[in-house]
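# Tertiary structure, described
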Amino acid sequence: MATAAAARVAGLLGRLRPQLARPMSSGAHGEEGSARLWKSLTYFVALPGVAVSMLNVFLKSRHGEHERPEFVAYPHLRIRTKPFPWGDGNHTLFHNRHLNPLPTGYEDE
Amino acid sequence: MTHQTHAYHMVNPSPWPLTGALSALLLTSGLVMWFHFNTSLLLLMGLTTNMLTMYQWWRDIVRESTFQGHHTPIVQKGLRYGMILFIVSEVFFFSGFFWAFYHSSLAPTPELGGYWPPAGITPLNPMEVPLLNTSVLLASGVSITWAHHSLMEGNRMHMMQALLITILLGLYFTFLQASEYYETPFTISDGVYGSTFFMATGFHGLHVIIGSTFLIVCYLRQLNYHFTSNHHFGFEAAAWYWHFVDVVWLFLYVSIYWWGS
C-alpha cells in the first residue's frame, strides 16, 4: 500500500520534474521524428502537387490563344469617374494593350 | 540593488511609436495629395519614414530579446496574445472585402445584366493558374511545418532548407499573381466585379509579400543563430501569419475564382 502510494507520488514528481528542469524555456517541444514526416510530405506530396499543377497550366496554355472578346462599350465597365493618379490617367496599373480595352475600345485595333 | 524583481519587460523609452504615428499621418495625407493634387512628395516621405520605423523598431525588439534576454515566458505569452489578436484584426479586415463581394454577386443589379459574372466580363479559369497558386500556397504550408519541426528538433540545415523552400514558393506565388494581373481581360475599373476582385486579391497579394518578408527576416536570423530549439517565437509568429495568408487565399479561391465564375 505504502509502496503503491510512493510509486504514484514518484510518478507525479517524474511528470513535474521536466517542467522544473527548464524553467525559463518558453517554447513548445516537438516530439522526435515529426520533422521527418513533414520533410517526406514536402518532397513526396506538396512539391509534386505543385509540379502537376504547373504541368496542367502549361498544357492548357498550349491549347491555343483564344480570340479576345469583341469590344462592347458597356456603361458599367471601364469606369472613369476620376483619372488614375499615374500616366495619362486613363490606363489601369496592370494595363495590357492587347487584352484591356480603354473606354473607347482596344488600343491596337 | 537596482535589478527588477519581476519577470516582465519594462521597455526603455523609444522614439519609434512616435515616428510610426507620424509616418501614418504622412502616408494618409500623402495619398490625398497624390490622388487629388498630383504631387507625391508627402507620400514618399511617408513611405520612407514608415520603412525606417519598422526596421528600427523590430531591430530593437531583436536586440532586447535575443541579445539582452528580456523575453521571459510571461513576456512571450503576451507576444503570443498580441500576434493572435493582430491576425484576428486582419481576419476582420478581409471580411469586409468578402462582404462586399457577396453583397454584389449574390444579387447582381440590372446594370450588370442581372447575372454574375456581369455582362462583358470573362472571368479567369479557376482550373488554370489559380489552381497552381492554390497548390503553391498549400505546399508552402507543408514546408513551413517541416521547418518548424526541424527547428524544434535542432536540425539547423533542414530548418534552413525547409524555410528556403517556403520563401521560394511564396515568391513564386507573387510572380504568378503579378503575371495573372497583367494577363486578365478585365481591370479594376470594370464595375463592381473588377473592384471586388482586385481589392480582395490585391490586399491578399500585399499580405503575401509582407509574409514573405517576415519569413526572409526569419531566415536571416536563423543564419545568425538567433533561434534555439525551444525559444523561437519570431519564427512561430511568421508561421502563424503565413498560415493565415494561405487560409485567406483558400477563401478567395473558393468564393471569387470558383463560385464567382
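Residues numbered from 1 in each chain as written. Chains lettered and ligands numbered in written order. Predicted model: local features only at pLDDT ≥ 70, side-chain atom pairs only at ≥ 80, totals over all residues. Heavy atoms only, no water.

Looking only at helices and strands, one finds two helices and zero strands in chain A. When the accessible area of chain A is evaluated, it comes to approximately 8200 Å², of which 64% is carbon and sulfur surface. (Helix = DSSP H or I, 4+ residues; strand = E, 2+ residues; numbered from the N terminus. Areas by Shrake-Rupley, 256 points an atom, 1.4 Å probe, with all protein chains shown as cover.)

We now examine the interface of chain B and chain A. Chain B puts 52 residues into the contact, and the matching count from chain A is 45 residues. Buried surface at the junction of chain B and chain A, summed over both partners, amounts to about 3900 Å²; 63% is from carbon and sulfur atoms. For the pair chain B and chain A, the number of links is zero salt bridges. On inspection of chain B and its partner chain A, the count reaches 18 residue pairs in polar contact (both at pLDDT 80 or more). If you tally residues by element for the side of chain B that touches chain A, the top one is helix 4 (residues 129-152) of chain B, at 13 residues. Class assignment of the residues belonging to the side of chain B that touches chain A gives a composition of 25 nonpolar, 21 polar and six charged. (Contact = heavy atoms within 4.5 Å. Buried area = accessible area lost by both parts, 1.4 Å probe. Salt bridge = Lys/Arg side-chain N within 4 Å of Asp/Glu carboxyl O. Polar contact = N/O pair within 3.5 Å; in protein donor to acceptor, adjacent residues only side chain to side chain. Nonpolar A, V, L, I, M, F, W, Y, C, P; charged D, E, K, R; others polar.)

Attention now moves to the nonpolar core. Counting residues in hydrophobic clusters, the biggest one holds 60 residues, and the most contacted among them are Leu163(B), Phe197(B) and Phe235(B). Mapped by element, the contributors of at least two residues to this core are helix 2 (34-61) of chain A together with helix 3 (73-106), helix 4, helix 5 (156-183), helix 6 (191-223) and helix 7 (233-259) of chain B. Of the residues forming this core, the biggest block, 15 residues, is contributed by helix 7 of chain B. Phe197(B) has contacts with Leu124(B), Tyr181(B), Phe186(B), Gly202(B), Ile256(B) and Tyr257(B), leaving out every residue within four places of it along the chain. (Core = buried A, V, L, I, M, F, W, Y, C linked by side-chain atoms within 4.5 Å. Buried < 20%, exposed > 50% of the residue type's maximum accessible area, 1.4 Å probe, protein only.)

Turning our attention to the side chain of Thr187(B). Examined against the element boundaries, Thr187(B) turns out to sit in the loop between helix 5 and helix 6. Its relative accessible area of 9% is what places Thr187(B) among the buried residues. When neighbours within four sequence positions are excluded, Thr187(B) is seen to be in contact with Thr92(A), Asn100(A), Gly194(B) and Phe198(B).

Next up on the list: the packing of helix 6 of chain B against helix 7 of chain B. Residue and element names in this part refer to chain B. Look at helix 6 against helix 7: their axes get within 9 Å of each other, and the N-to-C directions meet at 160 degrees. By the angle between their directions, the pair helix 6 and helix 7 is classed as roughly antiparallel. The two elements helix 6 and helix 7 meet at a crossing, and its hand is left-handed. Among the residues making up the contact of helix 6 with helix 7, the classes are represented as 19 nonpolar, seven polar and one charged. (Axes fitted to C-alpha atoms, helices over the stretch in contact; angles between N-to-C directions. Parallel < 35°, antiparallel > 145°, perpendicular 65-115°, else oblique. Left-handed = near helix turned anticlockwise from the far one by under 90°.)

This brings us to the side chain of Thr53(B). Residue and element names in this part refer to chain B. With respect to the element layout, Thr53 can be found in helix 2 (residues 41-67). At 2.9 Å, the side chain of Thr53 forms a polar contact with the side chain of Thr19. With residues up to four places along the chain from it excluded, the contact list for Thr53 reads Trp16, Thr19 and Gly20.

All names here are of chain B. Look at helix 5 against helix 7: their axes get within 13 Å of each other, and the N-to-C directions meet at 35 degrees. Of the two possible hands of crossing, helix 5 and helix 7 adopt the one that is left-handed. The residues of helix 7 that touch helix 5, namely those facing Met159, Leu163, Thr166, Gly170, Phe173 and Gln177, are Phe235, Trp242, Trp249 and Tyr257.

Residue and element names in this part refer to chain B. According to the domain assignment, chain B consists of domain 1 (1-70) and domain 2 (73-257). Relative to domain 2, the C-alpha centre of domain 1 lies at a distance of 24 Å. Listed as interface residues are eight residues of domain 1 and, on the opposing side, four residues of domain 2. Of the roughly 470 Å² buried at the junction of domain 1 and domain 2 (both faces included), carbon and sulfur atoms supply 71%. (Domains from an automatic or database assignment.)

Take helix 7 of chain B next. When the terminal C-alpha atoms of helix 7 of chain B are compared, their 37 Å separation across 27 residues agrees well with the 39 Å that a helix rising 1.5 Å per residue should span. Of all 27 residues making up helix 7 of chain B, 19 are buried, and the element is well covered by its neighbours. (Expected span 1.5 Å × (residues − 1).)

With that settled, the discussion passes to the UniProt feature "domain: Heme-copper oxidase subunit III family profile" (unreviewed entry) in chain B. In the numbering used here, UniProt assigns the feature "domain: Heme-copper oxidase subunit III family profile" (unreviewed entry) to residues 4-261 of chain B. Secondary structure across residues 4-261 of chain B divides into 76% helix and 0% strand, with the first and last C-alpha atoms of the span separated by 61 Å. (UniProt positions renumbered as here; feature names shortened; annotations may be inferred.)

What follows concerns unusual backbone geometry. Peptide bonds are trans in most cases, and residues, glycine excluded, mostly fall at negative phi. For the bond running from Trp116(B) to Pro117(B), omega is -5 degrees, close enough to zero to count as cis. Tracing the chain through its elements places Pro117(B) in the loop between helix 3 and helix 4. With a phi close to 50 degrees, Arg78(A) is a non-glycine residue in the positive phi region. Along the chain, the position of Arg78(A) falls in the segment after helix 2. Accessibility expressed as a relative area gives 11% for Arg78(A), which makes it buried.

This structure, assessed with the given rule, holds five salt bridges over all chains. For Arg68(A), the salt bridge is made with Asp108(A), and the minimal N-O distance between the two is 3.0 Å. Here Arg68(A) is found in the segment after helix 2, whereas its partner Asp108(A) is found in the segment after helix 2, with 40 residues between them in sequence. For Asp108(A), a relative accessible area of 35% translates into the label partly exposed. The closest approach of N and O atoms between Glu236(B) and Arg80(B), which form a salt bridge, is 3.1 Å. Of this pair, Glu236(B) sits in helix 7 while Arg80(B) sits in helix 3, placing them 156 residues apart in sequence. Looking at Glu236(B), the relative accessible area reads 7%, which means it is buried. A cluster of three or more residues bridged by salt bridges with shared partners is formed by Arg59(B), Asp60(B) and Arg63(B).

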